[in-house]
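What follows is each chain in one-letter form.
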Protein chains: 2
Amino acid sequence: MTELEKGPTGRRRGRGARERILGASQRLFREQGINRTGMDQLCAAAEVSKRTAYQHFAGKDELVTEYLRRFDPAVLSDIFDRTDLTPRQRLLAVFDVPPTTPLCPYIATAVELHDPQHPASQYARDYKKAVAARLTDAAREAGATDPEQLGEQLALLIDGAAARTRVLNADAFPTAAAIATALIDNALPATADHDRQAEEVPS
Amino acid sequence: MTELEKGPTGRRRGRGARERILGASQRLFREQGINRTGMDQLCAAAEVSKRTAYQHFAGKDELVTEYLRRFDPAVLSDIFDRTDLTPRQRLLAVFDVPPTTPLCPYIATAVELHDPQHPASQYARDYKKAVAARLTDAAREAGATDPEQLGEQLALLIDGAAARTRVLNADAFPTAAAIATALIDNALPATADHDRQAEEVPS
DNA sequence: TGTTATGTACACCGCCCTGTGTGGTTACCG
DNA sequence: CGGTAACCACACAGGGCGGTGTACATAACA
């Protein structure tokens, strides 16, 4: 269809440049990092002229910020909105990340930009707080004695697994899951048996 | 000064430009990040001519690698070599980091360089493994049922606290310490009481 | 004292970066 | 069919980057 209509240089013509730019950002920023990905390369990968890119985004900073906002649906919501899991299972499902994930882009972006006041860094903070809040909700739902503490602890485990996976080049999420199990079992003394039975027969 | 380095002929070398360069690296790389610190600025801060810097280090990559090697004595050894602490106290002392620490430079470097094969990234991996090994040793000394698991878990907590502190701009080490306490109490069922008493009267 | 390693001063190179100017082309929509 | 918004091609500015060339100064040692 329209994909086959190409210009002199083989680039796709037509509309939807913004989505192509953001798509290329997802791939390149994760694979190569933000600082090592130039706008030239990015525009080439998106099959978009440089001029068009700067008509959609005021600058690279704005593009980076917008790039970070496109993870939420896939990561946060998909796990927490599953109703087929018990609250306890939901708390643990966060650690069942497939090894395809290179690194939490929020941490990577915050480190690469190195400026806590950068809009993208602020968004990363907000996102991390939102995840902790979600975990706290699930912990409360599961009947934890101190839901806020457990939520914050599990959030730290996620970040620890992400950072350690990056540095060691080896999956650290199983270790985090083991810690999470111990913490949850400690925090849910009364309903632990019931929940563990529920895991055997999810529905 | 007392810092004497031998040349090919065994003679003393000069006035410590190398040390000044590495000192400036410690400050600037941590404060601004590696990618955002140019060699010009670095040499100016070290009060060293650019030419001299490139006579001591083949390139920025080599300087970065050497910069990473200068943390070991201050962080790793100082804590683990304290004999006035019980093994259990040593396992927890790692989380008593003063809030002056901006971020674990090993994680930051690995993320910034973004190349797992870079010598500095490899050294970061080695260092993280060494820390985990030290923790495992202490865990074994403390009589943990599975020292390797506990060591790896505590190492993950350290990295989690570091990463989270960076992203949230708030100290996450207390949370990590709380988790560590729970894990240690779980892993040291028999000797827990003895160790806790030993804390009251360290020597 | 003279020699040599060490360090200085500073201009300079080539590269890549973000970002723009200009003018032409294409797709959609009334 | 005509208008307009979106897009393209390409060159280029301006600056920072890592790294070098050249010529000179100094400190330590023989």
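Cut-offs and rules
Residues numbered from 1 in each chain as written. Chains lettered and ligands numbered in written order. Predicted model: local features only at pLDDT ≥ 70, side-chain atom pairs only at ≥ 80, totals over all residues. Heavy atoms only, no water. Axes fitted to C-alpha atoms, helices over the stretch in contact; angles between N-to-C directions. Helix = DSSP H or I, 4+ residues; strand = E, 2+ residues; numbered from the N terminus. Parallel < 35°, antiparallel > 145°, perpendicular 65-115°, else oblique. Contact = heavy atoms within 4.5 Å. Nonpolar A, V, L, I, M, F, W, Y, C, P; charged D, E, K, R; others polar. pLDDT = per-residue confidence, 0-100. Least-squares fit on C-alpha atoms with pLDDT ≥ 70 in both. Salt bridge = Lys/Arg side-chain N within 4 Å of Asp/Glu carboxyl O. Buried < 20%, exposed > 50% of the residue type's maximum accessible area, 1.4 Å probe, protein only. Buried area = accessible area lost by both parts, 1.4 Å probe. Polar contact = N/O pair within 3.5 Å; in protein donor to acceptor, adjacent residues only side chain to side chain.

An unreviewed UniProt entry lists chain A under the name Transcriptional regulator, TetR family, from Actinacidiphila guanduensis.

Caption draft 1: How the structure looks around the packing of helix α9 (residues 147–168) of chain A against helix α10 (residues 173–187) of chain B. Orientation of α9(A) relative to α10(B), taken along the N-to-C sense of each, is 95°, at an axis distance of 10 Å. Classified by the angle their axes make, α9(A) and α10(B) are roughly perpendicular. Note on element contacts: α10(B) touches α9(A) through B:Thr175, B:Ala176, B:Ala178 and B:Ile179, opposite A:Gln149, A:Glu152, A:Gln153, A:Leu156 and A:Leu157. Here the residues of the contact of α9(A) with α10(B) sort into 5 nonpolar, 3 polar and 1 charged.

Caption draft 2: Focus on the confidence of the model for chain A. Residues and elements named next belong to chain A. In the predicted model, chain A carries a mean pLDDT of 85, and 81% of its residues have values of at least 70. At the low end of the mean pLDDT range in chain A sits helix α11 (residues 192–200), at 46; at the high end sits helix α4 (residues 60–68), at 97. Contacts from residues 1–11, a stretch scored under 50 in pLDDT, to residues over four places away or in other chains number 13 contacts. In the predicted structure, residues 192–203 sits below a pLDDT of 50 and forms 12 contacts with residues beyond four places in sequence or in another chain.

Caption draft 3: The arrangement of the relation of the copies chain B and chain A in detail. In screw terms, the move from chain B to chain A is a rotation of 180° and a rise of 0.0 Å along the axis, fitting with an RMSD of 0.1 Å. As the rotation angle and translation indicate, the two copies are arranged about a two-fold axis. Identified as the residue of chain B closest to the rotation axis by C-alpha distance is B:Gly160, at 1.6 Å. Residue by residue, 100% of the interface of chain B is reproduced at the interface of chain A, so both copies engage with the same surface.

Caption draft 4: Local environment of the pattern of salt bridges. In the structure shown here, the tally under the stated rule is 21 salt bridges over all chains. Across the pair A:Arg90 and A:Glu141 runs a salt bridge, and its minimum N-O distance is 3.5 Å. Placement of A:Arg90 in helix α6 (residues 87–93) and of A:Glu141 in helix α8 (residues 119–141) is noted, with a sequence separation of 51 residues between them. For A:Arg90, a relative accessible area of 11% gives the class buried. Note that B:Arg70 and B:Glu19 form a salt bridge whose closest N and O atoms lie 3.1 Å from each other. Taken together, the residues B:Arg70 in the loop between α4 (60–68) and α5 (72–80) and B:Glu19 in helix α1 (residues 17–32) connect sequence positions 51 residues apart.

Caption draft 5: Representation of the interface of chain B and chain A in the model. Contact residues are listed per partner, giving 43 residues for chain B and 43 residues for chain A. Here chain B meets chain A over a buried area of about 3,600 Å², counting both sides, of which 64% is carbon and sulfur. Looking at the side of chain B facing chain A, the largest losses of area belong to B:Leu156, B:Arg164 and B:Val167, adding up to 21% of the total buried there. Linking chain B with chain A are 4 salt bridges, by the criterion used here. With a shortest N-O distance of 3.0 Å, B:Arg164 and A:Glu152 are connected by a salt bridge. Joining chain B to chain A, the criterion identifies 14 residue pairs in polar contact (both at pLDDT 80 or more). Of all the secondary structure elements, the ones that give two or more residues to the side of chain B that touches chain A are α1, α7 (105–113), α8 (119–141), α9 (147–168) and α10 of chain B. The dominant element in the side of chain B that touches chain A, judged by the number of residues it contributes, is α9(B), at 14 residues. Residues that form the side of chain B that touches chain A fall into these classes: 22 nonpolar, 10 polar and 11 charged.

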